[in-house]
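Survey of secondary and tertiary structure
Now for the letters of each chain:
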Amino acid sequence: MSTYVDQSYVGLLTRKLFYRLLDLILLRTWHIKREIRKWKKTAKDGSHILDAGSGFGQYSYFLCKQNKNWNILGVDVKRNYVADCNEFFRAIKKPNVYFRIEDLTQLKPENTFDLIISVDVMEHIENDRQVFHNFFHALHPGGVLLLSTPSNMGGSGITTKNKSSFIGEHVRDGYDKQEIKEKLKQAGFHHVKVHYSYGVPGKIAWKMAMKWPMKMLNLTKSFIIILPVYYLLFILPIIILHYFDTYSPHKSGAGLIVKASK
């Protein structure tokens, strides 16, 4: 991703299409959006929201479309991501959305946010207990924390005890459900609910949407030419599988969706 956002009509449209593509092919987005829509039903008009580990800003974009009066702060450790997001959201005239560089282990706000979302971030942070502590203190009383993170049931590509994660930036191979519940409760949270994502439908969809295209790109970079055709052929079954994964319970799964209250 460039450190400069093209503010022309084509540039802004391209970024919005990029967000739309992420929404379609990333299953975790489906789960997070479902939880946000549920939270929205009781959220106040001027809610303050923290997008913790905001990345490309796709979740902040979705949030600001839900309510024009929500105040959204996105934080990330990557300077170029923060600069890009600030450029884009200023260009589309969303002054209630702002991004800044922030290390979540050093997060200082107290009783500030009504909602904190953190999507596939905690698996990159060694000192997770400190981050959970910071999240708790950053929330208003009654505030909600929403997390998506890999589980220890294959979420980092681990299928055997002696295998290491295929993602080098991960500091852990995924969370056990009970482990993350206990860590959040120790940080002060209550009403901690955890359920699996990336069950059987999600695992199949992930192979179709991510694994197979990446394998083919690794074999030959020329595959990028036919990549749009590939997705046109497979996008409908991917969407159907994502729907079933999002709205069906799973006894196990490669991901966890976690919701906790202060």
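Criteria and cut-off values
Residues numbered from 1 in each chain as written. Predicted model: local features only at pLDDT ≥ 70, side-chain atom pairs only at ≥ 80, totals over all residues. Heavy atoms only, no water. Helix = DSSP H or I, 4+ residues; strand = E, 2+ residues; numbered from the N terminus. Buried < 20%, exposed > 50% of the residue type's maximum accessible area, 1.4 Å probe, protein only. Disulfide = S-S within 2.5 Å. Phe/Tyr/Trp six-rings, centres within 6.5 Å; stacked < 30°, edge-to-face > 60°. Salt bridge = Lys/Arg side-chain N within 4 Å of Asp/Glu carboxyl O. Pairing = 2+ DSSP bridges. Axes fitted to C-alpha atoms, helices over the stretch in contact; angles between N-to-C directions. Contact = heavy atoms within 4.5 Å.

**Some remarks on the environment of Lys-251**
Note on placement: Lys-251 falls in the loop between helix H8 (227–246) and strand S7 (255–261). Looking at Lys-251, the relative accessible area reads 84%, which means it is exposed. Spatially, the C-alpha atom of Lys-251 lies 7.2 Å from that of Tyr-196, the residues being 55 residues apart in sequence.

**Comments concerning the state of the cysteines**
The final tally for this structure, using the stated rule, is zero disulfides. Free of any disulfide, Cys-85 has its nearest neighbouring cysteine sulfur in Cys-64, separated by 11 Å. The exposure class of Cys-85 is buried, given its relative accessible area of 0%.

**Comments concerning the packing of aromatic side chains**
Scanning the model with the defined rule gives 16 aromatic pairs in all. With centroids separated by 6.3 Å and ring planes inclined at 35°, the aromatic side chains of Phe-18 and Tyr-19 adopt a geometry described as tilted. With 5.2 Å between their ring centres and 40° between their planes, Phe-89 and Phe-99 make a pair best called tilted. Residue Phe-89 is found in helix H4 (residues 79–91), and its partner Phe-99 is found in strand S3 (residues 97–101); the two are separated by ten residues along the sequence. Residue classification places Phe-89 among the buried positions, given a relative accessible area of 0%.

**So, the pattern of salt bridges**
Scanning the entire structure with this criterion turns up nine salt bridges. When the shortest N-O distance is used, the salt bridge between Asp-120 and Arg-28 registers 3.2 Å. Of this pair, Asp-120 sits in the loop between strand S4 (113–119) and helix H5 (128–138) while Arg-28 sits in helix H2 (residues 27–40); the two residues are 92 residues apart in sequence, bridging distant segments of the chain. For the salt bridge of Arg-172 with Asp-128, the shortest nitrogen-to-oxygen distance reads 3.5 Å. On the criterion of sequence distance, the pair formed by Arg-172 in the loop between strand S5 (139–150) and helix H6 (177–186) and Asp-128 in helix H5 is long-range, its members being 44 residues apart. No difference in accessibility class separates Arg-172 from Asp-128, as the two residues are buried.

**Overview of the pairing of S5**
Counting buried residues in S5 gives nine out of twelve residues, a clear majority hidden from the surface. In this sheet, S5 lies alongside S4 in parallel orientation, the contact comprising six bridges. Directly across from Ser-118, in S5, lies its bridge partner Leu-147. As defined by bridge partners, S5 adjoins S7 across seven bridges and the pair is classed as antiparallel. Directly across from Ser-148, in S7, lies its bridge partner Ile-257.

**Points about the sheet that holds S4**
Pairing is mixed across the open sheet formed by seven strands, whose spatial order is S3-S2-S1-S4-S5-S7-S6. The open sheet is flanked by S3 and strand S6 (190–197), the only strands paired with a single partner. Pairs of neighbouring strands in the sheet enclose a mean axial angle of 15°, with direction left out of account. Of the strand pairs in this sheet, strand S1 (residues 48–52) and S4 are connected by three bridges, and their pairing is parallel. When the sheet's bridge partners are listed, Asp-51 is paired in S4 with Ile-117. In the packing of helix H3 (residues 58–66) onto the sheet, contacts are made with S1, strand S2 (71–76), S3 and S4, and the angle to S4 comes to roughly 145°.

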